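Now for the letters of each chain:
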Amino acid sequence: MIVFRSPAEVPDDFGPSAVAIGKFDGVHAGHRAVIERLNEAAAASGSRSVAVTFDRNPLAVLRPDRCPENVVTVERKLELLGELGLDATLVLTFDEELAARSAEDFVVDILVNALKVSEVLVGQDFRFGRGGAGTPALLRELGPLHGFTVEVVDDVFLPGSPRRVSSTWIRELLVAGDVAEAARVLGRNPDVRGVVVHGLKRGRELGFPTANLSTIVDAFVPADGVYAGWLVDHDTGIRHPSAISVGTNPTFDDVLERQVEAHVLDETGLDLYGHDVSVEFVERLRGMVAYEGIEKLSEQIGVDVADARRVLADVAD
């Protein structure tokens, strides 16, 4: 997938293109349905399939007091979009200048002149341009003038759920620690990616060594607690079953920042320091609890490891 960081980077001979526009935060099941439809439309018309997105949530500029935390970083979003068969993604810098651009100028300058758009796909609630004046209805008015058609993609609902798939719902689920339901809404296991760093080595002292992720990770971290999941080592390509802890270790009360750490099951002598890894969350086993002493904590970790092994065995089956 080609990544353009501004309309000026798009070659003059690029196009025609079928374009889907959106924040695509999390690249969840709803986004995936839009991209699937986009690829179908592009194949049918012989066009390039292109996602147009932004380098931040527009609310970060328009209403910073109401801007939620991103589900994933921009780079992770691009990685996820790149897995969906797109020809290109255009990442627009959402700043005061873009926010002040009229909806008509957005269409002409970006969609028509830069991308040579032949078809536009948007969600029902998509808004763009100064003051949010750009709507699907306006796109339909401008389409015949500039040679493109418009398709409004219906919201996506999970089987048995009355709530539409959205990034807001995913954040709520992750805040609650419900990673299993978040996986259904995302269409993949929620995960975070970082570098393994040295910690206080408490896990090693307890007999359960852990790989501690750096505090800088690329996605929204679920609620404090203990989870069953996987540690994916991108340096080796190996996916390790793991018991995962998120939080500040209240038993010792000396960890100032939330940590994500993973104990790889049934491995000894594994050296992951400095490795680029992802931690995937499959199921929450329990909340974070302060225990009275190391012995009780060690006993509970033993239970957690057994529970994680059971959960992951069921997933594998």
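A brief look at the structure comes next. (Residues numbered from 1 in each chain as written. Predicted model: local features only at pLDDT ≥ 70, side-chain atom pairs only at ≥ 80, totals over all residues. Heavy atoms only, no water.)

As a further point, take the sheet that holds strand S9 (residues 225–233). Each strand in a sheet pairs with another by means of backbone hydrogen bonds, the pair being arranged parallel or else antiparallel. An order of S7-S8-S11-S10-S9-S12 is seen for the six strands of this closed barrel, with the pairing classed as antiparallel. Shown here is a sheet whose adjacent strand axes are inclined to one another by a mean of 45 degrees, direction ignored. Sheet analysis places S9 next to strand S12 (residues 276–286), joined by eight bridges and oriented antiparallel. By the bridge assignment, Ala-228 is partnered in S12 with Glu-283. Packed onto the sheet, helix H8 (residues 179–186) meets S9 and S12 and runs at close to 125 degrees relative to S12. (Pairing = 2+ DSSP bridges. Helix = DSSP H or I, 4+ residues; strand = E, 2+ residues; numbered from the N terminus. Axes fitted to C-alpha atoms, helices over the stretch in contact; angles between N-to-C directions. Contact = heavy atoms within 4.5 Å.)

Burial runs high along S9: nine of the nine residues are buried. Burial of S9 is two-sided: the residues Gly-225, Tyr-227, Gly-229, Leu-231 and Asp-233 facing one way and the residues Val-226, Ala-228, Trp-230 and Val-232 facing the other way are all buried. Pairing analysis gives nine bridges linking S9 to strand S10 (residues 238–247), with the strands arranged antiparallel. When the sheet's bridge partners are listed, Gly-225 is paired in S10 with Val-246. Hairpin remark: S9 followed by S10, antiparallel, with four residues in the connecting loop; positive phi at Gly-237, about 80 degrees. (Buried < 20%, exposed > 50% of the residue type's maximum accessible area, 1.4 Å probe, protein only.)

Each regular strand shows side chains that alternate between the opposite faces of the sheet. Bridging between S10 and strand S11 (residues 259–264) involves six bridges; their strand directions are antiparallel. Paired with Ile-244 across the strands is Ala-262, a residue of S11.

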